[in-house]
Amino acid sequence: LLKKAFPITPYDVIQAYVLSFSALTGVAGRVGDVVAGKFDNQFLELPFEDESENLPLGSNAYAMNHLLTQDGNTYLCINPHFMIEGPLSFYEAHISSEEGLNITGAIFQGGTSVFMGNNEHLGWAHTYNYFDGVDVYALKMHHKKKTQYELDDSFYQLQKRPIWLKVKVKKWLTVPVKRTTFWSEHHGMVLKSKGGNYFAVRAMAFKTVKAAQQFYYMNKARNFDEFKAALSMQGLALFNIVYADKEGNIYYLSNGLIPDRKEEYDWKKLVPGNESKYLWSEAIPVASLPFSLNPDCGFVFNTNNTPFNATCIEENDERMRLPYYVDGRPGENNRSSRFMELVNAQPQFDFEDFKKIKFDNQWPSTSPFLESLKPMYALNPDEHPHIADVIQLAQTWDKKADTASLGATVIGLMLEPLFKEKMDEPFITGLNVEKADFVKAFEYVKNHLEKHFGTVNVRLGQLQRFVRGEKEYAVPGFPDALMANYPRKPHKNGSYKLEYGDTYIQFVKFNKNGVEKIESLLPFSTLPTADNYIDQTLMYQQK
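Residues numbered from 1 in each chain as written. Predicted model: local features only at pLDDT ≥ 70, side-chain atom pairs only at ≥ 80, totals over all residues. Heavy atoms only, no water.

**Things to note about unusual backbone geometry**
In step 1: Here the residue pair Phe-6 and Pro-7 is connected by a cis peptide bond, since its omega of 0 degrees sits within 30 degrees of zero.
In step 2: Unusually for a residue other than glycine, Gln-234 sits at a positive phi of about 50 degrees.
In step 3: Relative to the helices and strands, Gln-234 is located in the loop between helix 4 (224–231) and strand 15 (240–245). (Helix = DSSP H or I, 4+ residues; strand = E, 2+ residues; numbered from the N terminus.)

Shown next, in the form of structure tokens:
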């Protein structure tokens, strides 16, 4: 299919992991900012906005043990939310070997081991976590010798490192383009900005080449001690971990390579590059990261919310023991608020109850985001007769995102002009909008629905479509619901195509002897020719 794909070398594998984790931790965005000259006008002076990457990143993960399950077994839910198609879409694999591998789970193309899944003894899930793992240093250059930088009152020479970029001009034409980068023996990678200034981009993510090796040891681990030993390698630059095993252990860790910044400083700002005291070299140890192990309430979870809400309130980790930058988006989202409602709604769970949590498509009764919608509920439809019908649909919505819902259609479309390019962050921070903003959003909704459907009474399944080739399906779920789906791409006749969402689901039940049951669902298969392709989509529709 791709003539130049092979042979794949160990160097290619290491390079791919370093590149991927660096990009996921925000390095790519900072490199782009430097080259584009974003920092030139605030050289060493003003803080910069750490804008979220446009790539949406999410996921659900939760586990329960004998303290909460009816049969005394341990349950694990693995549910990454990612891209529906393309290089960042999941496939499912079962890998076994004579040297101890026997694991099933989710993986991206190019991965060398299962990224999240379970073997006979244990399993784990990942969710995306947000922390400040990248710093940009403004180098102070010699006033005459343009490629010498100052550090602690001495000057050092930058090494020039020319690189060739392969730029695809047309489908059949790739042109090599030369660019010059630099290397500092103290700061690492250095780039010259559009304005002629020099900046170093520094992250722990590209200071390790152990990601593939750590995943391999996680895949082979037979108990909690061996799993923890794999984590101590600190080869994975990010991702929360929710873990469960046959011995009844459940564990949450906000894992990541977070710089251990010893110096007091506002690390949201550009960092002075001429003082060595700001040059960190180590990551915060795994043992010091936010975690919860075997809480007495019997559950751990993460839905991309703050790592300091991972279990029952009284057993959460202490927020004040760690610096602010370990929690890049502090707070709760709709999914975490809804999860806590559901887990507190009954004293015990059987396996079917456990699965229903993941397939819940209802927003919570309250959350920081829903609090920010109060101006919408305060609108009087009589004062806005031209949009009174859509206002009423929104205000009377039961917060459920079934395919037949009319209110979900209005709310889902309303989010588009209010969120702009931000896709997930407002669910943590809430919207900073007023009544007038909602009026404009409702006008947009009504115009769209009447133009394309001839009515405002449009079912969610008509608007939100899963498309693969010539086939398309109505799907339930909603942005920031536990059954998460994000229809972003305009499709046809006013509908929207899913771009990102509930891409893989795996439920595992462990008894004291090992795995008793595994159920997995890949509703958005990347192989349209697979025999069970349509079956899995229909299973997902039916929860």
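**Some remarks on the packing of helix 1 (residues 10–24) against helix 3 (residues 211–220)**
In step 1: Packing of helix 1 against helix 3 leaves a shortest axis separation of 8 Å and a crossing angle of 95 degrees. On the basis of the axis angle, helix 1 is roughly perpendicular to helix 3. Touching Val-13, Tyr-17 and Phe-21 of helix 1 are Ala-211, Ala-212 and Phe-215, all from helix 3.
In step 2: Tallied by class, the residues present in the contact of helix 1 with helix 3 amount to 6 nonpolar, no polar and no charged. (Axes fitted to C-alpha atoms, helices over the stretch in contact; angles between N-to-C directions. Parallel < 35°, antiparallel > 145°, perpendicular 65-115°, else oblique. Contact = heavy atoms within 4.5 Å. Nonpolar A, V, L, I, M, F, W, Y, C, P; charged D, E, K, R; others polar.)

**Concerning helix 10 (residues 407–419)**
In step 1: Counted at 1.5 Å a residue, the expected span for helix 10 with its 13 residues is 18 Å, and the 18 Å between its end C-alpha atoms agrees.
In step 2: Most of helix 10 is tucked away, with 10 of its 13 residues classed as buried.
In step 3: Those residues of helix 10 lying buried are Gly-407, Ala-408, Thr-409, Val-410, Ile-411, Leu-413, Met-414, Leu-415, Leu-418 and Phe-419.
In step 4: Immediately beyond the C-terminal end of helix 10, within one or two residues, lies Lys-420, with a positive phi of roughly 55 degrees. (Expected span 1.5 Å × (residues − 1). Buried < 20%, exposed > 50% of the residue type's maximum accessible area, 1.4 Å probe, protein only.)

**Quick notes on the nonpolar core**
In step 1: Residues Trp-363, Met-414 and Phe-442 are the most contacted members of the largest nonpolar core, which totals 117 residues.
In step 2: Among the elements that line this core, the one with the most residues is helix 10, at 8 residues.
In step 3: Tyr-62, Phe-339, Met-340 and Phe-359 belong to the second-largest nonpolar core, a separate cluster that totals 30 residues. (Core = buried A, V, L, I, M, F, W, Y, C linked by side-chain atoms within 4.5 Å.)

**Concerning the packing of aromatic side chains**
The geometry of two aromatic rings is summed up by the distance between their centres and the angle between their planes.
In step 1: What the rule picks out here adds up to 44 aromatic pairs.
In step 2: Seen in terms of ring centroids, Phe-299 and Phe-301 are 6.4 Å apart; in terms of plane orientation they differ by 35 degrees. Their pairing is tilted.
In step 3: The exposure class of Phe-299 is buried, given its relative accessible area of 4%.
In step 4: Taking relative accessible area as the criterion, Phe-301 reaches 0% and is therefore assigned buried.
In step 5: By the ring-pair criterion, three or more aromatic residues cluster together here, those being Tyr-62, Tyr-75, Phe-299, Phe-301, Phe-339, Phe-351, Phe-354, Phe-359 and Phe-507.
In step 6: The ring of Trp-280 carries Arg-202 above its face, with NZ or CZ at 4.9 Å from the centroid.
In step 7: The ring of Tyr-130 has Arg-329 lying over it, and the distance from NZ or CZ to the ring centre is 4.0 Å. (Phe/Tyr/Trp six-rings, centres within 6.5 Å; stacked < 30°, edge-to-face > 60°. Lys NZ or Arg CZ within 6 Å of the ring centre and 35° of its normal.)

In short, the description is geometric, and any link to function would need to be established separately.
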